[in-house]
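Listed below, chain by chain, are the residues.
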Amino acid sequence: MSDDYDDEDIILGDLPDDELVEQMQDDLYDGLKEEVIEGTEILLERGWAADKVLTEALVGGMTIVGIDFRDGILFVPEVLSSANAMKGGMEVLRPLLSASDGARAGKMVIGTVKGDIHDIGKNLVKMMMEGAGFEVIDLGINQSVEEYFAALEEHKPDILGMSALLTTTMPYMKVVIDEMVSQGIREDYIVLVGGAPLNEEFGEAVGADAYCRDAASAVDIAKEQVALKRAS
Ligand code: B1M
């Protein structure tokens, strides 16, 4: 992103925190996975909490990528490199975000809906839910009603989580929930939905139990909903 100086000359470990975060966002933008991994490790060594590294350096960088993607400055191949770099950083954080030795808080099946291949947000939700003691079965991307239903049948989770990042794919959540209603199984599960283009009204309109703004609120809402379900 910034061409002010040659990247070869930059020693990440020599940068103060604020400049390192800025450099990591540049590196994420440029799809430099190794550098993003190194920056993530340095911030952790300096005592940063994993969720702070995630929010400020990685998600912050991806937000800039999203703006330039929307504005036609970046294209799919470049955004894929950024996503790959982001996943490199997330892998370093995974054991920290997923560390939990508590009793299982509940079970969740999660997947990105049919027609949609965005999975970074879903993967984050998975990590944070595991960190909170949930068992998470990740179905991956592009999930059809049939695939969700097969997973519900096989794993019998407390929660079905669906992710969508496109305005064209988010209506598919209603297709899944409507089919749950027709088959008489809607009340057997807590249904949580999330993804950048959604909001609370949408969650209500499609008949979900709740819309989750981000991974942290997904954890809070999941805990709340499971407690309610167990109490009833
Ligand atoms: Co896409 N893309 N993309 N893309 N992409 C968006 C979503 C877009 C907003 C970019 C833009 O125009 N600014 C735009 C959608 C516009 C719209 O629908 N209104 C868009 C588009 C148009 C497209 C294509 C159609 C582009 C094309 O081909 N012309 C295409 C569609 C492909 C398809 O899915 N069929 C496409 C492709 C891609 C890539 C493959 C290049 C890549 C995805 C790589 C991957 O995921 N492995 C990509 C990316 C990376 C993005 C942006 C830049 C970043 C998404 C992301 O990872 N964010 C995105 C722009 C943006 O959102 N700023 C964009 C970081 C992530 C941590 O946040 O996913 O929001 P998010 O997840 C959050 C919350 O939303 C929530 O918690 C997460 C963590 O806090 N959450 C949940 C998410 N899921 C949840 C589920 C839950 C709970 C909470 O369940 C309980």
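For the structure itself, consult the block above.
Below you will find a few notes about this structure. For clarity, every value in this text was computed on a predicted model and none was experimentally measured. (Residues numbered from 1 in each chain as written. Predicted model: local features only at pLDDT ≥ 70, side-chain atom pairs only at ≥ 80, totals over all residues. Heavy atoms only, no water.)

1. Section: the overall build of the protein
In step 1: The number of helices and strands found in the protein is nine helices and five strands.
In step 2: Reading the helices (α) and strands (β) of the protein from amino to carboxyl end gives α-α-α-α-β-α-β-α-β-α-β-α-β-α.
In step 3: In summary, the protein has a C-alpha radius of gyration of 19 Å against a globular reference of 17 Å for 232 residues, a match within 12%.
In step 4: With respect to the principal axes defined by its C-alpha atoms, the protein has extents near 60 × 40 × 30 Å.
In step 5: In the protein, buried positions account for 49% of the 232 residues.
In step 6: Restricting to contacts in the protein with at least 6 residues of sequence separation, those with at least 24 account for 71%.
In step 7: Carbon and sulfur atoms make up 52% of the accessible area of the protein, which totals about 11600 Å². (Helix = DSSP H or I, 4+ residues; strand = E, 2+ residues; numbered from the N terminus. Rg over C-alpha atoms; globule rule 2.2 N^0.38 Å. Buried < 20%, exposed > 50% of the residue type's maximum accessible area, 1.4 Å probe, protein only. Contact = heavy atoms within 4.5 Å. Areas by Shrake-Rupley, 256 points an atom, 1.4 Å probe, with all protein chains shown as cover.)

2. Re helix H6 (residues 145-155)
Residues spaced three or four apart along an α-helix point in a common direction, a consequence of the helix completing one turn every 3.6 residues.
In step 1: Residues of H6 that are buried include every one of Val145, Tyr148, Phe149, Ala151 and Leu152, and no others. Seen end-on, H6 carries its buried residues on one side only, within an arc spanning 160°. Those residues of H6 that are exposed and aimed more than 90 degrees away from the buried face are Glu146, Glu153 and Glu154. (Arc of directions from axis to C-beta.)

3. Observations concerning the nonpolar core
In step 1: Counting residues in each nonpolar core, the largest one holds 48 residues, and the members touching the most others are Leu43, Leu58, Met90, Met129, Ile159 and Leu192.
In step 2: Here this core spans two domains, and each of domain 1 (12-103) and domain 2 (104-232) adds at least three residues to it.
In step 3: Leave out the neighbours within four places in its chain, and Leu58 touches Met24, Leu28, Val36, Thr40, Val53, Met86, Gly89, Met90 and Leu93.
In step 4: Formed by 25 residues, the second largest nonpolar core is a distinct cluster that contains Met170, Val176, Val193 and Ala208. (Core = buried A, V, L, I, M, F, W, Y, C linked by side-chain atoms within 4.5 Å. Domains from an automatic or database assignment.)

4. Quick word on helix H4 (residues 76-97)
In step 1: Maximal helix bending in H4 amounts to about 35°, located at Glu91; proline Pro95 follows within four positions.
In step 2: Burial in H4 covers these residues: Val79, Ser82, Ala83, Ala85, Met86, Gly88, Gly89, Met90, Val92, Leu93 and Leu97.
In step 3: Lining the buried residues of H4 we find helix H1 (17-29), helix H2 (33-45), helix H3 (50-70) and helix H5 (120-131). (Bend = angle between axes of the 7 residues up to and from the residue.)

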